[in-house]
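Each chain is listed here by its residues.
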Amino acid sequence: MSARREPAAGTAADAPDRPDARNQPGGVSRPDSRTPPDAAPDAGAGTDAARERLALAQTALLSALVAGTPAPEGFDRVRLRVQSRALIAKRADVVAKVAPELPEILGAGYRPAFVDYARHRPMSGGYRRDALDFAAHLLARSRPQDPAARQQLTRWWRERAGPRPLSSRPLARLARAVRRVLGRG
Amino acid sequence: MERLGTGIGWRPEIAAEIAELPGVDWVEVVAENVCPSHLPDALQELRERGTTVVPHGVSLGLGGADRPDAGRLAALAERAEALGAPLVTEHIAFVRAGGPLTASPRMEAGHLLPVPRTRDALDVLCENVRIAQEALPVPLALENIAALINWPGEELTEGQFLTELVERTGVRLLIDVANLHTNHVNRGEDPVVALDGLPLDALAYVHVAGGVERDGVWHDSHAHPVTRPVLDVLAELCARTAPPGVLLERDEDFPGIGELAGELDAIRTVLKEARHVRAA
């Protein structure tokens, strides 16, 4: 719930999957995941089939919470909506902390605009990237309507994501990230 | 289990208050929020005074379907070394999904989400914990999280799930009594029953935090005062075992030093009363 404790997306290296690290000799996965643990210790037993089933279940749930896909079967839909709103509210809080200029520029419109942006757009990188994506999303829709505010937001976004940022590498990376987002339309 | 004593979650906003608070034996820092080569001065000063500092990670997602990321594990290990910590802690949670296993885009939750208490999830978690233990220079303890949602089709109780996790991996437990209260309000899980099922021999320390109830849902906000029901769960825990450490967490809407001191005193009172009861 709090800005201090959320998983810091994108702050650590996002290493690619390492197939060599997979503990699955000969590609054989344990056929029965219910085998008692004393009979089949994890090491060498292979968790790949369990991982795939768990991945599908967790992805369906998270997708319902952050991407607006239908609720997976068996979940309390009211509770899912409460959780979904809580996730967006927390994301809005953290973005406001890493980019305090955005709530300053957007004023009372910050939160509703962020909720509208985030409802169907899962976060895939860190919060700074999310802040830039949010600004780009608004500008692409000619928002905010107030021209002065829009100009301020444009300047804010350009300073951080412009085509020729001040040579420093983190800025160049951010710019590439934003170009990717814009490229997706 | 190493004795930690009574502590408080170190946050930059209350660094000055923590330096002044009497009887703070140890602090916990959010691992992802500290840079090992540039520790904040206030934290460095606490270390020089002999205050133990424990890094508390939030981004590993050990309950997720993927194996833990080597870069994130190395970062956590580096923080444990830099802080001279006796242990590191993380959560039993998943924080991201999607990716190659599901041929879908990767999504970050930005929050700790509950793991289904199933055999599959337990097998995956146990292997992930072993991978983490191998990468870390000190023991690992894992925290039970607060949940708003229930998974359908769960096969194990929380007690069974945690007991088997401890037996299979030797991992220690960080029990958050506010999260037990949260799961009571939100999922109808009686904290007394939950505590009876927990392998408390593996207890590393306890978290205490405040929250707020809205429309029948407990929000574990860490932005409100610690309430009586949460202290009652702490008392229930202390009636069963003497926790090696207890830590107060406050993350938002920080109160003055007086209120923080009062909450720490309330915790110490519960510990003291439980000592008398256990001795009787």
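First, a word on scope: everything that follows refers to the structure included in this document. (Residues numbered from 1 in each chain as written. Chains lettered and ligands numbered in written order. Predicted model: local features only at pLDDT ≥ 70, side-chain atom pairs only at ≥ 80, totals over all residues. Heavy atoms only, no water.)

**Thoughts on the nonpolar core**
1) Next: Among the nonpolar cores identified, the biggest contains 75 residues, and Ile8, Val27, Leu43, Leu140, Leu165, Val208 and Leu234 of chain B are the most heavily contacted of them.
2) Next: Top element by residues in this core is helix H4 (residues 119-135) of chain B. It accounts for seven residues.
3) Next: Contacts of Val27 of chain B, omitting those with residues within four sequence positions, involve Ile8, Trp10, Ile18, Leu43, Leu46, Thr51, Thr52, Val53, Val54 and Leu247 of chain B.
4) Next: Val95, Ala136, Leu138 and Trp156 of chain A belong to the second largest nonpolar core, which has 27 residues in total. (Core = buried A, V, L, I, M, F, W, Y, C linked by side-chain atoms within 4.5 Å. Buried < 20%, exposed > 50% of the residue type's maximum accessible area, 1.4 Å probe, protein only. Helix = DSSP H or I, 4+ residues; strand = E, 2+ residues; numbered from the N terminus. Contact = heavy atoms within 4.5 Å.)

**Topic: the pattern of salt bridges**
1) Next: Applying the stated criterion to the full structure yields 24 salt bridges over all chains.
2) Next: With a closest N to O distance of 3.1 Å, Lys97 of chain A and Glu252 of chain B form a salt bridge. Separated into two different chains, Lys97 of chain A in helix H2 (residues 77-98) and Glu252 of chain B in the loop between strand E12 (245-249) and helix H9 (257-279) make up a pair that spans both.
3) Next: Among the residues examined, Lys97 of chain A registers a relative accessible area of 39% and is labelled partly exposed.
4) Next: What emerges from the salt-bridge pattern is a single network uniting Asp48 and Arg51 of chain A together with Arg67 and Glu127 of chain B. (Salt bridge = Lys/Arg side-chain N within 4 Å of Asp/Glu carboxyl O.)

**Re the pairing of strand E8 (residues 172-176) of chain B**
Residue and element names in this part refer to chain B.
1) Next: Buried residues dominate E8, accounting for four of its five residues.
2) Next: Across three bridges, strand E7 (residues 140-143) lies against E8 in parallel orientation. In the strand pairing of E8, Leu142 is matched with Leu173.
3) Next: Tracing the backbone out of E7, into helix H5 (residues 158-169) and back to the parallel element E8 gives a crossover that is right-handed.
4) Next: Here E8 pairs with strand E9 (residues 203-209) via four bridges, running parallel. The partner of Leu173 across the bridge, within E9, is Leu203. (Pairing = 2+ DSSP bridges. Right-handed = clockwise from strand over helix to strand, strands pointing away.)

**Digging into unusual backbone geometry**
1) Next: Residue Pro144 of chain A follows Arg143 of chain A across a cis peptide bond; omega there is 0 degrees.
2) Next: Within the secondary structure layout, Pro144 of chain A lies in the loop between helix H5 (127-140) and helix H6 (147-161).
3) Next: At Ala103 of chain B, a position not held by glycine, the phi torsion is positive, near 50 degrees.
4) Next: If you trace the backbone, Ala103 of chain B turns up in the loop between strand E5 (94-99) and strand E6 (104-113).
5) Next: Residue classification places Ala103 of chain B among the exposed residues on the basis of a relative accessible area of 74%.
6) Next: Of note in the backbone geometry, Asp253 of chain B takes a positive phi value of approximately 45 degrees without being a glycine.
7) Next: For Asp253 of chain B, the position within the fold is in the loop between E12 and H9.

**Remarks on the environment of Ala55 of chain A**
1) Next: Within the secondary structure layout, Ala55 of chain A lies in helix H1 (residues 48-66).
2) Next: The buried category is assigned to Ala55 of chain A, whose relative accessible area is 5%.
3) Next: Among all residues touching Ala55 of chain A, those that are not within four sequence positions of it are Ala65, Leu101 and Thr102 of chain B.

**Regarding H6 of chain A**
All names here are of chain A.
1) Next: With 15 residues, H6 should reach 21 Å at 1.5 Å per residue; the first-to-last C-alpha distance of 20 Å fits that figure.
2) Next: What H6 keeps buried is the set Ala149, Leu153, Trp156, Trp157 and Ala161. Down the axis of H6, the sector holding all buried residues measures 105 degrees, keeping them to one side. Residues of H6 that are exposed and point more than 90 degrees away from the buried face comprise Pro147, Gln151, Arg158 and Glu159. (Expected span 1.5 Å × (residues − 1). Arc of directions from axis to C-beta.)

**Considerations on the packing of aromatic side chains**
Residue and element names in this part refer to chain A.
1) Next: One pass over the full model with this rule turns up eight aromatic pairs over all chains.
2) Next: Relative to Phe134, the ring of Tyr110 has its centre 5.8 Å away and its plane inclined at 80 degrees; by these criteria the two rings are edge-to-face. Pair noted here: Tyr110 is in helix H4 (residues 110-118) and Phe134 is in helix H5, with a separation of 24 residues, a long-range link. Summarising the burial analysis for this pair, Tyr110 and Phe134 share the class buried.
3) Next: Note on Tyr117 and Phe134: the rings are 5.2 Å apart at their centroids and 45 degrees apart in plane angle, and the pair reads as tilted. With a gap of 17 residues between them, Tyr117 in helix H4 and Phe134 in helix H5 connect regions that are remote in the sequence.
4) Next: Here Tyr117 falls in the buried class, since its relative accessible area comes to 4%.
5) Next: The class of Phe134 is buried, set by a relative accessible area of 0%.
6) Next: Ring-pair connections join several aromatic residues into one group, and the members of that group are Tyr110, Phe114, Tyr117 and Phe134. (Phe/Tyr/Trp six-rings, centres within 6.5 Å; stacked < 30°, edge-to-face > 60°.)

It is worth stressing that arrangement in space is one thing and function is another; only the former is reported here.
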